[in-house]
Each structure stands twice: as C-alpha cells, then as structure tokens.
Amino acid sequence: MSQITRREFALLAAGVVAAASELPRPALAAGSAKVVIIGGGPGGATVANRLKSADPNLSVTLIEPKEKYTTCFYSNLYLGGFRSFQSITFDYEGVKKRGIDVVSDTATAIDTTAKTVTLAHGSAPLSYDRLVVAPGIDLKYDSIAGYSPEAAKVMPHAWQGGPQTWILKEKLLALPDGGLVVMAVPPNPYRCPPGPYERACMIAHFLKTKKPRAKLILFDAKPTFSKQAVFEEAFNEYYKDIIEINLTNEIDDFAVVKVNAQTGEVTTKSGRTERAALANIIPAQKAGAIAAKAGLTEGDWCPVDPQNFTSTKVKGIYVLGDAAIASEMPKSAFSAMSQGGVVADDIIADLSGKPRPPGKYRNTCWSMLAPDNSAKIGGDYTPGVKDGKGYLAVKEPFISKPDDSPELRKQVNRESRDWYRSAVADLFGEEPQMASPGIQAP
Ligand code: FAD
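Novice: An account of the site of the ligand is requested, with residue identities and associated values reported.
Specialist: Contacts to the ligand come from 35 residues, most closely from Glu 64, Tyr 69, Ala 107, Arg 191 and Asp 322. Tyr 69 has a polar side-chain atom sitting 2.4 Å from an oxygen atom of the ligand. Side-chain polar atom of Arg 191 to an oxygen atom of the ligand: 2.6 Å apart, as the coordinates give it. Contact with the protein chains covers 94% of the free accessible surface of the ligand, which is 1,000 Å². For the shell around the ligand, the secondary-structure elements that each account for two or more residues are helix 3 (42-54), helix 4 (75-80) and helix 10 (333-352). Residue contributions to the shell around the ligand peak at 3 residues, all from helix 10.

Given below as structure tokens:
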C-alpha cells in the first residue's frame, strides 16, 4: 500500500476525501459524461476535484467569474494581523492542471429541458449531463435602509472574500486611534455562524496592539450565538475595555435597520444610533442569485434532499454549500467540502448505474480568539426527517469549553492551521504562502 501523506491524513481525518480505494469506480459510460459546476468556492471546487480524481475521463467544467478566490475562512486572521492577504488568495491554475476546464464567466440561466447553462460572456451555452450549482451567498442589501453595494465600499461587509476583505483591512489601518468601530451582526441563517465573533476578537486584537484607544461595538440581531461561552470568556479576558456587545433581548432589538454611509451613523431597531469611524455592516443573506433565477429557492435558500444534495425544487440539479438548506449543518467551508464529496460520489454512482451511497457528513468550525488560542465546534451529520422535511441530524457534537487549558487551546489553534493548509491545497492545488504573517497592505 502506498504511503499516505500528512496532508492526505488531515483530509481523511476531516472527512474531505475518501481513500482512493473507497471511491466507487465509474462504468465506462461515465467517462464520456459532461458535468458542469457553477461556482468555484469550496463546494463547487470540491465536486470538480473529486470527480476528476475518481475518473480522469469525465468532462468536468467549473464556471467561476473570479480569476482569484480569497477565502473568507481565515480572512478574520488577516484583519487581526496573523495572515497576509496573499496567503488567503488563490488562482485556479492548480485546478486547471488537474484537467478541469475552468471557464472564467458567470452563469446567467439554466435550461433544464435542453440541459444547458447560458454564460454572461460566452458565445454558446454549455451543455451538461449532470449540473451542480454552488453559488454561495448574496447579500440582502435592502434589509438595512441606506445600505447598498455603493455604501458597502464605505461601510464594508467583508462577508464575501476579495475586494471587500481588503477594504475592511485598509479602513482598519486608516482608523484614527480612539476611533469607534461598529459591527452589525446579521440574523440567522447566515454564512459561518461563529464568524462575526471571531471577527470581533481579531479586530479587537488589532485595536489592542495598533490603536489602543479605539473601541468596538457589536449590534447583534440575535439573543444568543455560536460558541457564546468561549467567546464571552475571550471578550472578558483579552478585550474587556475594547469590545461592547449588545445582544437583542426582550427590551432592546439591536438589529441594525438603518445606516448612513456619509455620516457613519448606524441605527438599531430600538432606536440607538452610533456614529462610527468605521462600520462593518453584515446584512442578512440569501442564496447566490442564479439559484433563485433557476427556480431552486424556497424563500431565500435552496431546499435539497439531505441524502445527496439534489434539489427538491428542480429535478436533476445538485445544490450544495452555503446556498443549500442543510440544517442543522452550518454554512461553512468545511460543510461545503464535506457535501462536495458526497455530491461527487453520488454523481459517479448515478452515472455508473451503481447504488447511490448514503450521505455522511462532517463539520468543524474553528475560531481564533487570541494568539495561540482557538476554539472549535463540530460533529458528524446524518440525513433524517423533521417536521416532514429532510434535515441533517448532528451526531456526537463537540464544542470547546470556557475553562479549557491553554495547552488545549494551543493545540486547537494548530489543528485549525493544519486544516486550512490541507483544505486550500485540496481545493486549489496550492499551499498557502506563509512567508510573512505580519500586517501587510494587500
Ligand atoms: P462560496 O465560497 O461563496 O463560493 C461560491 C462561488 O460561486 C463564488 O466564488 C462565486 O464567485 C461563484 N458564483 C456565484 N454565482 C455564480 C454564477 N452565477 N456563475 C458562476 N459562478 C458563480 N468556513 C469554515 O469552514 N471555517 C472558517 O473558519 C470560516 N470562517 C469564515 C469567516 C468569515 C469572515 C466568513 C465570511 C466565512 C467563513 N467561513 C468559514 C464560511 C465559508 O467561507 C463559506 O461557508 C464557504 O465559502 C461556502 O462555500 P461555497 O462554495 O458554498 O460558496
């Protein structure tokens, strides 16, 4: 048996890849099939990579408008000064080298009868035998009065990776010492449940070390949040005089309902207004626009069969990642990659006329609280039915505790770094450039 590498081990442990021997072998007919995937994030890229490694003869096309993908995961560490912008940004050359056809374009329409995808700039529609839709999220700008894509250039959300991440960091670097940062935290469900609180820790760490007189106020549309006990412990231990967190309660609704990009004013539902030197406005979210256009949504998100992430709205289309309703699995890159493995296996089995394997999923979300101190939450997920609808039941959940030892937190921090390195190498065929972890302009 060939030696397993450290990276392969980490991915196996993470449930992201199956050992080659575990993958179903496609019948010859599968080899000539065309699979088209919309979206080159963790969900779409995992399906593409897994399919191509299972059967190099399959025609796999990945449609993605961005030339470079900046990971939202670890972007908070960039804000905190623990990563460079370059180290969280990847091109698709590694994906192309695997024999995947990467089309730099936007899918604008899906014709399920003709089995074609129309592109914004491409001349002819792309035909497919199997279609996978993984467009991530869009932001509901109109959920906050005064917020818009224009206003987001002044009050960045930085909840989609790329220029927004960069703008938020530039604004942090330019913040006057003593300046007020205000964060608007969205209602459920949204991408990365612990993400806003990890961001609060990383922004507070940046302020503590670079602008010690500055303050951070969080206005949260919710009464409770993910990994709350460990985050509250960290806010107290490391950032007591910096962070003020306001959770919605019976008396005050701290959902941000109005902003003014000219004056910096941020107003909550119960009427409190703060004038921010820097506002990080994270609005409510919905599935990427192509999903609604293709009739895949019910409300804001896409219902799917939890066994294999096929749409329950449009027959014969897979939807995965943040766009899908995968409750109780959170919207995370780890979840999207785990779902991507199941979708690829299902396509291979289906094309080969073999029994489709039951879906098994895993997620872990790590959050950095302070240097050498990370917490995690996660579990395995199995398909079930609740209130007449498909859902994913969590099995053997785990979560960091407030009184974990410093050694354990350090170890969790190392695990998180190992996961990131393995995940991006798996997704983009590239190790992150770790040369300079210091604060750098992107
Ligand atoms: P995306 O990553 O958004 O990818 C979708 C892709 O589809 C995009 O590149 C987009 O350009 C493309 N697309 C959209 N529409 C079209 C179209 N019409 N045609 C073609 N392409 C299209 N997750 C973790 O697991 N761990 C973490 O530590 C973590 N930290 C996070 C921190 C922050 C601050 C944030 C915001 C998120 C974090 N996440 C984390 C969540 C993670 O980033 C997302 O869950 C993950 O990116 C979802 O993957 P996806 O493939 O569904 O969507």
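Novice: Just give me the short version of helix 7 (residues 195-210), but keep the residues and values in it.
Specialist: Compared with an ideal rise of 1.5 Å per residue, which puts 16 residues at 22 Å, helix 7 spans 22 Å between its outermost C-alpha atoms and is within 8% of the ideal. Extensive coverage of helix 7 is indicated by the burial of 13 of its 16 residues.

Novice: Describe the pairing of strand 19 (residues 302-305), with residues and values.
Specialist: In regular strands, side chains alternate between the two faces of the sheet. As paired strands, strand 19 and strand 22 (residues 324-325) are joined by 2 bridges and run parallel to one another. Considered in strand 22, the bridge of Pro 303 is made with Ile 325. Taking the residues that link successive antiparallel strands as the turn, the strand 19-strand 20 (residues 310-311) hairpin has 4 residues, and the phi of Phe 309 there is positive, at about 65 degrees.

Novice: Help me get a handle on helix 11 (residues 406-428), residues and values and all.
Specialist: One full turn of an α-helix is made of 3.6 residues, so residues set three or four places apart face in the same direction. For helix 11, which comprises 23 residues, the first-to-last C-alpha distance of 33 Å matches the rise-based estimate of 33 Å (1.5 Å per residue) to within 8%. Just past helix 11, the residue Gly 429 takes up positive phi, approximately 70 degrees.

Novice: Explain the pattern of salt bridges to me, and be specific about the residues and the numbers.
Specialist: All told, the structure shown has 20 salt bridges when counted by the stated rule. Where Arg 409 meets Asp 404, a salt bridge forms, and the shortest distance between an N and an O atom there is 3.6 Å. Asp 404 shares its class with Arg 409; the two are buried. One continuous salt-bridge network, built from bridges that share partners, spans Arg 130, Asp 346, Asp 350 and Arg 356.

Novice: With reference to specific residues and values, describe the side chain of Asp 55.
Specialist: Position of Asp 55 relative to the elements: it lies in the loop between helix 3 and strand 2 (59-63). A polar contact of 2.9 Å, which involves the side chain of Asp 55, links it to the backbone nitrogen of Asn 57.

Novice: Tell me about the sheet that holds strand 16 (residues 273-275), and name the residues and values.
Specialist: Strands pair in a sheet through their backbones, by hydrogen bonds, and they do so in one of two ways: parallel or antiparallel. The 3 strands are arranged 14-15-16 in an open sheet whose pairing can be described as antiparallel. The open sheet has two edge strands with one neighbour each: strand 14 (256-260) and strand 16. Adjacent strand axes in the sheet meet at a mean angle of 15 degrees when their direction is disregarded. Across 3 bridges, strand 15 (residues 265-268) lies against strand 16 in antiparallel orientation. When the sheet's bridge partners are listed, Val 266 is paired in strand 16 with Glu 274.

Novice: Any details on the domain arrangement of the protein? Residues and values, ideally.
Specialist: Split by domain assignment, the protein resolves into domain 1 (6-136 + 288-361 + 413-428) and domain 2 (142-284). Computed over C-alpha atoms, the centres of domain 1 and domain 2 are 30 Å apart. Facing the 17 residues of domain 1 at the interface are 20 residues of domain 2. Of the roughly 1,600 Å² buried where domain 1 meets domain 2, counting both sides, 63% is carbon and sulfur surface. The interface formed by domain 1 and domain 2 includes 1 salt bridge. With its nearest N and O atoms 2.5 Å apart, the salt bridge here joins Asp 322 to Arg 191. The tally of links from domain 1 across to domain 2 stands at 6 residue pairs in polar contact (both at pLDDT 80 or more). Here the element with the most residues in the side of domain 1 that touches domain 2 is helix 4; it accounts for 6 residues. Per-class residue counts for the side of domain 1 that touches domain 2 are 8 nonpolar, 6 polar and 3 charged.

Each value, and the rule that gives it
- Residues numbered from 1 in each chain as written.
- Predicted model: local features only at pLDDT ≥ 70, side-chain atom pairs only at ≥ 80, totals over all residues.
- Heavy atoms only, no water.
- Near = heavy atom within 4 Å.
- Polar contact = N/O pair within 3.5 Å; in protein donor to acceptor, adjacent residues only side chain to side chain.
- Areas by Shrake-Rupley, 256 points an atom, 1.4 Å probe, with all protein chains shown as cover.
- Helix = DSSP H or I, 4+ residues; strand = E, 2+ residues; numbered from the N terminus.
- Expected span 1.5 Å × (residues − 1).
- Buried < 20%, exposed > 50% of the residue type's maximum accessible area, 1.4 Å probe, protein only.
- Pairing = 2+ DSSP bridges.
- Salt bridge = Lys/Arg side-chain N within 4 Å of Asp/Glu carboxyl O.
- Axes fitted to C-alpha atoms, helices over the stretch in contact; angles between N-to-C directions.
- Domains from an automatic or database assignment.
- Contact = heavy atoms within 4.5 Å.
- Buried area = accessible area lost by both parts, 1.4 Å probe.
- Nonpolar A, V, L, I, M, F, W, Y, C, P; charged D, E, K, R; others polar.

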